[in-house]
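Close look at the chain arrangement
Each chain, written out:
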Amino acid sequence: MGLQGVRAVFFDLDNTLVDTAAAGRRAIEEVINILQSKHHCDEGEAHMICDKVQEKLLKECHDPAKVCITDLRISHWEEAIQETKGGEANRNLAAECYFLWKTTRLQHLTLTEDTRSMLTELRKIVRLLLLTNGDKQTQREKIEACACQPYFDAIVVGGEQKEEKPAPSIFHHCCDLLGVQPWDCVMVGDSLDTDIQGGLNAGLKATVWINKTMTMPVNTSPVPHYIISSVLDLPALLQNMDHKMNASLETDKMVSINDVHDSANIESKKC
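Cut-offs and rules
- Residues numbered from 1 in each chain as written.
- Predicted model: local features only at pLDDT ≥ 70, side-chain atom pairs only at ≥ 80, totals over all residues.
- Heavy atoms only, no water.
- Helix = DSSP H or I, 4+ residues; strand = E, 2+ residues; numbered from the N terminus.
- Expected span 1.5 Å × (residues − 1).
- Buried < 20%, exposed > 50% of the residue type's maximum accessible area, 1.4 Å probe, protein only.
- Arc of directions from axis to C-beta.
- Contact = heavy atoms within 4.5 Å.
- Polar contact = N/O pair within 3.5 Å; in protein donor to acceptor, adjacent residues only side chain to side chain.
- 1 Å grid on protein atoms, 1.4 Å probe; cavity = no way out; pocket = protein on both sides within 12 Å on 5 of 7 lines; lining within 4 Å.
- Points joined across faces, edges and corners; volume = space filled by probe spheres on them.
- Nonpolar A, V, L, I, M, F, W, Y, C, P; charged D, E, K, R; others polar.
- Salt bridge = Lys/Arg side-chain N within 4 Å of Asp/Glu carboxyl O.
- pLDDT = per-residue confidence, 0-100.
- Pairing = 2+ DSSP bridges.
- Axes fitted to C-alpha atoms, helices over the stretch in contact; angles between N-to-C directions.

Digging into helix H2 (residues 43-58)
- Here H2 spans 23 Å end to end across 16 residues, near enough to the 22 Å set by a 1.5 Å rise per residue.
- Among the residues making up H2, those that are buried are Ala46, Ile49, Cys50, Val53 and Lys56. Along the axis of H2, the buried positions cluster into a sector of 120°, meaning they face one direction only.
- Residues of H2 that are buried make contact with helix H1 (20-37) and helix H3 (69-85).
- Capping the start of H2 is the job of one residue whose side-chain oxygen sits 3.1 Å from the backbone nitrogen of Gly44: Asp42.

Quick word on the side chain of Asp195
- The residue Asp195 is located in helix H8 (residues 192-201) in this model.
- In terms of polar contacts, Asp195 uses its side chain to reach the backbone amide nitrogen of Asp190, at 3.2 Å.

What to know about the layout of surface pockets
- By volume, the largest pocket amounts to about 1300 Å³.
- Residue lining of the largest pocket: 38 residues in total, with Asp14, Leu57, Arg73, Gln139 and Lys142 positioned closest to the centre.
- Every element with two or more residues in the lining of the largest pocket is listed here: H1, H2, H3, helix H4 (91-107), helix H6 (136-146) and H8.
- The leading source of residues in the lining of the largest pocket is H1, at five residues.
- For the lining of the largest pocket, the per-class residue count stands at nine nonpolar, 15 polar and 14 charged.
- Around the second largest pocket sit 16 residues that line it, and Thr16, Leu17, Asp19, Thr112 and Lys212 are the ones nearest its centre.

Concerning the environment of Phe10
- With respect to the helices, strands and loops of the structure, Phe10 is situated in strand S1 (residues 8-11).
- Distance in space between the C-alpha atoms of Phe10 and Cys174 is 8.3 Å, their sequence separation being 164 residues.
- Setting aside anything within four residues of it in sequence, one finds Phe10 in contact with Leu129, Phe171, Cys174, Cys175, Leu178, Cys185, Val186, Met187, Val188 and Leu204.

Topic: the pattern of salt bridges
- Under the defined criterion, the tally for this structure stands at 17 salt bridges.
- Note that Arg73 and Glu60 form a salt bridge whose closest N and O atoms lie 2.9 Å from each other. In this pair, Arg73 is assigned in helix H3 and Glu60 in the loop between H2 and H3, connecting sequence segments 13 residues apart.
- When its relative accessible area of 12% is taken as the criterion, Arg73 is described as buried.
- Where Glu141 meets Lys102, a salt bridge forms, and the shortest distance between an N and an O atom there is 2.9 Å.

Notes on the confidence of the model for the protein chain
- The pLDDT averaged across the protein chain works out to 90; a share of 88% of its residues lies at or above 70.
- Considering only residues more than four positions removed or in separate chains, one finds that residues 249-271, a stretch of pLDDT under 50, has one contact.

Some words on the sheet that holds strand S5 (residues 206-210)
- One open sheet holds the six strands; their spatial order is S3-S2-S1-S4-S5-S6, and the pairing between them is parallel. Of all the strands in the sheet, the pair left with one neighbour each is strand S3 (154-157) and strand S6 (226-228). Along the sheet, successive strands turn relative to each other by an average axial angle of 20°, direction set aside.
- Where S1 meets strand S4 (residues 185-189), four bridges bridge the pair, whose relative direction is parallel. By the bridge assignment for S4, Ala8 is matched with Cys185.
- Lying over the sheet, helix H7 (residues 168-178) contacts S1, strand S2 (127-132), S3 and S4, oriented at roughly 150° with respect to S2.
- Its contacts with the sheet put H8 on S4 and S5, and the angle it makes with S5 is roughly 170°.

Brief notes about H1
- Its 18 residues place the ends of H1 26 Å apart at the C-alpha level, agreeing with the 26 Å of an ideal helix rising 1.5 Å per residue.
- Residues Thr20, Ala23, Gly24, Ala27, Ile28, Val31, Ile32, Ile34 and Leu35 constitute the buried set of H1.
- The elements touched by buried residues of H1 are H2, H3, H4 and H6.

With respect to empty space enclosed by the protein
- Throughout the structure, instances matching the rule amount to one cavity of 30 Å³ or more.
- The computed volume of the largest cavity comes to approximately 60 Å³.
- As for the largest cavity, its lining consists of Ile69, Arg73, Tyr98, Trp101, Lys102, Arg105, Leu106, Gln137, Thr138, Glu141 and Lys142.
- Listed by contribution, the elements that provide at least two residues to the lining of the largest cavity are H3, H4 and H6.
- Looking at the lining of the largest cavity element by element, the count peaks at five residues for H4.
- Its residues assigned to classes, the lining of the largest cavity shows four nonpolar, two polar and five charged.

Below, the structure is given as structure tokens:
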């Protein structure tokens, strides 16, 4: 039995279904260890190199037509090492750090058993789609690493489309893939700027913000329809939405019946 008015749910990937931030921290720890143990960096230098790389990742602007993501990210490490230690650029060390970071991060990107179970059960009643922004190579590697393909009816990567979230076009493309309308769909994600704003831009039925801390920023914008602390709370939220919708329909039905009775009474008086 499906949910009243909800035919599809779109899920973000990073920090929604998988804890990319935690995996990234584990990867950085590994790089710090190897910089100290193998390459004789002191603790401060190792941390500074990794901090600089993370700053570069946050500011990253990637044009796949000009440079592949691998070369770009090796350059991040190369620049960070040179900025910290001085001297000549060391491309080999940069590549070693990058591939260790990348491999370790992918190893720790996993769908928990609870998340797998939740998706399996949810897919019995609605269609599921994975919608993730980012470079196509990077995101496809993450998808492969966490083995989430079997849980979705479709997977859409922003880097493979003309526009990414929050553009309405990518959401409408997702609707077309599933054969549904925007007002049939719910978007679930951790980013207000891309997931929630995008869902609102596209006219989806509802947006659900994953806010693990459950602390609200001052003047939150955009405003999501719902907030939960974990993606595992979603089924209960959807059921609650369903109950409210059914209650509303019952109210509308009673109003309609009363209108019919009133009309009948009026007609009787006219006779």
